[in-house]
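Architecture and fold: a report
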Amino acid sequence: MRETISPARAIEGVITLPGDKSISHRYGMLASIAAGRSTIANYSTGADCQSTLACMAALGAKIERKEGSVIIEGGALREPAAMLDAGNSGSTIRMLSGILAAQEFTSRIGGDESLSRRPMARIIGPLSEMGAKIEARDGKFPPLTIEGRPLHGIDYQLPMPSAQVKSCVLLAGLFAKGDTIVREPVRTRDHTEIALREFGAEIDIEKRVIHLHAGARLSGRELVAPGDLSSACFFLVAAILLKESSLVIHGVGLNPTRSALLDFLVSMGAKITVLDVQQVGGELIGDLRVQSSAVTGGVIEGALTAALIDEIPALAVLGAASSNGLTVRDAGELRIKETDRIATIEAGFRQMGVKIETNPEGFHVPGRQSFHAAEIDSAGDHRIAMAFAVAALAADGPCAIEGAESANVSFPEFFDTLLQIVRT
Ligand code: S3P
């Protein structure tokens, strides 16, 4: 599907967003293995989180949708009748593999073409150390065949910053004999740790060391997924960029392991105010007010790169319009996302006549650039489609986003919401 975006003057209004993708995956999986009933309000509408629910249903969880909530009757899982389909979702395959590795049955899990190219050795390694038996295509790619086995806890030093791998090991640890410890090189999003505690697991966290105590008995909970800050990012950038904007986004997740985005935007000069912060289910949630702002640019490197990894496509767009440009370092992980995002950002920018210099671990976008009308290929990557839709708003003529339907992966309402708040 091709979506045409016309240049705009402003972003204006008040919106709420569907539930956070990362948190929804975790709630969906934990509710399915917890005893009893869980209700998850504002569960993500994105295809990725629906893939998680479909997998959990195929594994025996009873899942019902009612008035915007997902109701899950969890308990022991059973052998699926067919191969589990994770679709486009790295979080589904990597996190769920931790659960599958400990079951008393064999399962197969795979996904679409993009997922089939994403590295799985990073979870096969630690799960094998815990006693799992996993076969993968060429030893490292989906589909995976996971023969469930009794597992034992490990003390694992994560070789890369990855919340998916951390979560995979912790979820396997739930079923393991003995405690499980994960040590992170830098702090990554801690939604799994928070959710595990909410569902009743005992977990200690000290800086970058997470200690899950063996023998957890999880039970069903009433939960609310906060609005997705990574989805909000596209509208934040659009509002900052367009001259007469003023936007309020209600009920957004502000977990400190995610909200570096706001600090970074403010450090660039963005006018963002955070209002009405509350804690819900261990997660911070609040409202954001953003206004058009002149921004300076900045550098994303080290731990900040890990904290902003999903927001880099949108931030690259802002960087090109900023006064000093944007430099991104230590971002090799971007090359193994849904697409090689350094390459797909570069391709989109070239299409729009925007200069960018790339290297294996990052890129530099000079500032004070203009976006020219173009056809931009999303390459089937949701965050690329949405980031370039935002660039298109600031372009000198209408732009076409090819493969715009990929936004469905995390944010099916993106183009409709944009239409409501955009002023031409
Ligand atoms: C996620 C972790 C990150 C992120 C992804 C969601 C999660 O991936 O890019 O969109 O929910 O844990 P990695 O673990 O590969 O860094």
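Scroll up for the structure.
No experiment lies behind these values; they were computed from the predicted model shown.

Time to look at the overall build of the protein. Within the protein, the regular secondary structure consists of 13 helices and 24 strands. Taking 424 residues into account, the globule formula puts the C-alpha radius of gyration at 22 Å, and the protein, at 21 Å, falls close to it. Taken along its principal axes, the extent of the C-alpha atoms in the protein is 60 × 45 × 40 Å. Counting all 424 residues of the protein, 59% fall into the buried class. Here the contacts in the protein between residues at least 6 apart in sequence split such that 74% fall between residues at least 24 apart. Accessible area of the protein: about 15,700 Å², with a carbon and sulfur share of 48%. Placing the 41 positive and 50 negative side-chain charges of the protein at their respective mean positions leaves the two points 2 Å apart.

Glancing now at the site of the ligand. Every residue close to the ligand is listed here: Ser 22, Arg 26, Ser 91, Arg 94, Pro 161, Ser 162, Ala 163, Gln 164, Arg 189, Ile 309, Asp 310 and Lys 337. At 2.7 Å from an oxygen atom of the ligand is found a side-chain nitrogen or oxygen belonging to Ser 22. Within the contact set of the ligand, an oxygen atom lies 3.1 Å away from a backbone nitrogen or oxygen of Ala 163. With the chains in place, 94% of the 380 Å² that the ligand exposes on its own is no longer accessible. Spatially, the ligand is embedded in the largest pocket. Contributions of two or more residues to the shell around the ligand are made by helix 1 (21–33), helix 3 (90–100) and helix 5 (163–173). Looking at the shell around the ligand residue by residue, the class counts come to three nonpolar, four polar and five charged. Both of domain 1 (2–19 + 226–423) and domain 2 (21–224) provide at least three residues apiece to the shell around the ligand.

Attention now moves to the sheet that holds strand 14 (residues 222–224). Spatially, four strands are ordered 4-5-3-14 in an open sheet, and the strand pairing comes out mixed. Two strands in the sheet have a free side with no partner beyond their single neighbour: strand 4 (62–66) and strand 14. Direction aside, neighbouring strands of the sheet carry axes that sit 20° apart on average. Here strand 3 (residues 36–41) runs beside strand 5 (residues 69–74); their pairing, made up of six bridges, is antiparallel. For Arg 37, the partnering residue across the bridge sits in strand 5 and is Glu 73. Across the sheet, helix 1 touches strand 3, strand 5 and strand 14, and the angle it forms with strand 5 is around 35°. Strands strand 4 and strand 5 of the sheet are contacted by helix 2 (residues 47–58), whose axis makes an angle of about 140° with strand 4.

Before going further, it helps to examine the packing of aromatic side chains. A complete count under the given rule lists six aromatic pairs for this structure. Judged by centre distance (6.0 Å) and plane angle (75°), the rings of Phe 234 and Phe 414 are edge-to-face. With Phe 234 in helix 7 (residues 229–241) and Phe 414 in helix 13 (residues 414–421), this residue pair connects regions lying 180 residues apart in the sequence. Consider the rings of Phe 235 and Phe 414, whose centres lie 5.4 Å apart with planes at 15°: the pair is stacked. Linking Phe 235 in helix 7 with Phe 414 in helix 13, this pair joins segments that are 179 residues apart in sequence. On the basis of relative accessibility, which here comes to 0%, the residue Phe 235 falls in the buried class. Among the residues examined, Phe 414 registers a relative accessible area of 0% and is labelled buried. Here the aromatic cluster, defined as three or more aromatic residues joined through ring pairs, consists of Phe 234, Phe 235, Phe 411, Phe 414 and Phe 415.

About the thresholds
- Residues numbered from 1 in each chain as written.
- Predicted model: local features only at pLDDT ≥ 70, side-chain atom pairs only at ≥ 80, totals over all residues.
- Heavy atoms only, no water.
- Helix = DSSP H or I, 4+ residues; strand = E, 2+ residues; numbered from the N terminus.
- Rg over C-alpha atoms; globule rule 2.2 N^0.38 Å.
- Buried < 20%, exposed > 50% of the residue type's maximum accessible area, 1.4 Å probe, protein only.
- Contact = heavy atoms within 4.5 Å.
- Areas by Shrake-Rupley, 256 points an atom, 1.4 Å probe, with all protein chains shown as cover.
- Lys, Arg positive; Asp, Glu negative; His and termini not counted.
- Charge placed at Lys NZ, Arg CZ, Asp CG, Glu CD.
- Near = heavy atom within 4 Å.
- Polar contact = N/O pair within 3.5 Å; in protein donor to acceptor, adjacent residues only side chain to side chain.
- 1 Å grid on protein atoms, 1.4 Å probe; cavity = no way out; pocket = protein on both sides within 12 Å on 5 of 7 lines; lining within 4 Å.
- Sits in = over half its atoms within 2 Å of the grid points.
- Nonpolar A, V, L, I, M, F, W, Y, C, P; charged D, E, K, R; others polar.
- Domains from an automatic or database assignment.
- Pairing = 2+ DSSP bridges.
- Axes fitted to C-alpha atoms, helices over the stretch in contact; angles between N-to-C directions.
- Phe/Tyr/Trp six-rings, centres within 6.5 Å; stacked < 30°, edge-to-face > 60°.

Don't take any of this as a statement about function, it's just geometry.
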